[in-house]
Amino acid sequence: MTAPVRPTDTSPDLLTGFLRQQSPGREPPVPLWLEADGLPDVPRRLLAHDHGMTATLEAFWGEQMRLSVLHTEEVGTLLRRHVLLSGADSGTPAELGLIEIRLDALPPGALFAVRQRRIPFGAILSACGVGFKSRPAGFLRLVANEDLSRLLRVTPGAAIHGRATTLFAQTDGKVLANAVELLSGHQPG
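Residues numbered from 1 in each chain as written. Predicted model: local features only at pLDDT ≥ 70, side-chain atom pairs only at ≥ 80, totals over all residues. Heavy atoms only, no water.

1. So, the packing of aromatic side chains
Okay, step 1: Inspection of the entire model under this criterion finds one aromatic pair.
Okay, step 2: If you follow Arg 135 out to its NZ or CZ, it ends over the ring of Phe 168, 4.2 Å from the centre. (Phe/Tyr/Trp six-rings, centres within 6.5 Å; stacked < 30°, edge-to-face > 60°. Lys NZ or Arg CZ within 6 Å of the ring centre and 35° of its normal.)

2. Notes on the confidence of the model for the protein
Okay, step 1: Of all residues in the protein, 93% attain a pLDDT of 70 or more, and the chain-wide mean is 89.
Okay, step 2: Across the protein, element-level confidence peaks in helix α2 (residues 41–47) with a mean pLDDT of 97 and bottoms out in helix α1 (residues 10–22) with 70.
Okay, step 3: Here residues 1–6 scores under 50 on pLDDT; set against residues more than four positions off or in separate chains, the count is 14 contacts. (pLDDT = per-residue confidence, 0-100. Helix = DSSP H or I, 4+ residues; strand = E, 2+ residues; numbered from the N terminus. Contact = heavy atoms within 4.5 Å.)

3. Considering the sheet that holds strand β6 (residues 159–169)
Okay, step 1: With respect to topology, seven strands assemble into an open sheet ordered β1-β5-β6-β7-β4-β3-β2, the strand pairing being antiparallel. Both edges of this open sheet fall to β1 (32–34) and β2 (65–75), since each of them pairs with a single strand only. Adjacent strand axes in the sheet meet at a mean angle of 20°, parallel and antiparallel pairs treated alike.
Okay, step 2: Bridge count between strand β4 (residues 93–102) and strand β7 (residues 175–183): seven bridges; the pairing is antiparallel. (Pairing = 2+ DSSP bridges. Axes fitted to C-alpha atoms, helices over the stretch in contact; angles between N-to-C directions.)

4. Overview of the pairing of β2
Okay, step 1: The pairing of β2 with strand β3 (residues 78–87) spans ten bridges and is antiparallel. Pairing of Glu 74 across the sheet is with Leu 79, part of β3.
Okay, step 2: Counting the residues between successive antiparallel strands, the hairpin from β2 to β3 contains two residues, one of them, Gly 76, with a positive phi of roughly 60°.

5. What about the environment of Asp 50?
Okay, step 1: With respect to the helices and strands, the residue Asp 50 is situated in the loop between α2 and α3 (53–61).
Okay, step 2: Counting along the chain gives 15 residues from Asp 50 to Met 65, while the straight-line C-alpha distance between them is 19 Å.
Okay, step 3: If we ignore the near neighbours within four places in the chain, the residues touching Asp 50 are Lys 133 and Ser 134.
Okay, step 4: Among the polar contacts made by the side chain of Asp 50, one reaches the side chain of His 51 at a distance of 3.2 Å. (Polar contact = N/O pair within 3.5 Å; in protein donor to acceptor, adjacent residues only side chain to side chain.)

6. Considerations on helix α4 (residues 108–116)
Okay, step 1: Listing the buried residues of α4 in full gives Ala 110, Leu 111, Ala 113 and Val 114. Down the axis of α4, the buried set is contained in an arc of 165°. They therefore lie on one face. Turned more than 90 degrees away from the buried face of α4, the exposed residues are Pro 108 and Phe 112.
Okay, step 2: With its phi angle positive at about 60°, Arg 117 sits one or two positions after the end of α4. (Buried < 20%, exposed > 50% of the residue type's maximum accessible area, 1.4 Å probe, protein only. Arc of directions from axis to C-beta.)

Okay, structure coming up:
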């Protein structure tokens, strides 16, 4: 296996900030940054690609993803939000997403939809005709503490796999968002 990758500077901040917010006064789980070949098979198939996670999860789960916004904060031209994507029919958590969206890079329709907080970001971009690519900067594994376990409905101590990625507009290469996406590890029924 090759040496661990170095994610973008924004990625650890998004992840660490979220983990500290979820576990105030306790030491948050520490991520181990990996190359894609260090991931188990299913997480690697779900994470090591250049398209959006919403469509990838919907294809894997065989159902639409429902968005639950856990936290949102807008500062200047940046909108940070923590979201949970769950199966619309099953209600099973599929992914925890921590995203920093560049509002000034979005067309008006997408900007409006992002602020409505009802639809996953990738689905908004697709619906608004914004072609994009996701460029993973690194992959990770961490151990679920009680707070993550409760949120993702997994056993404390379960391995959680994810990626840090940047979403770019296909037309001009403009950065649309930086994200950390953590899979729940659940499988479709």
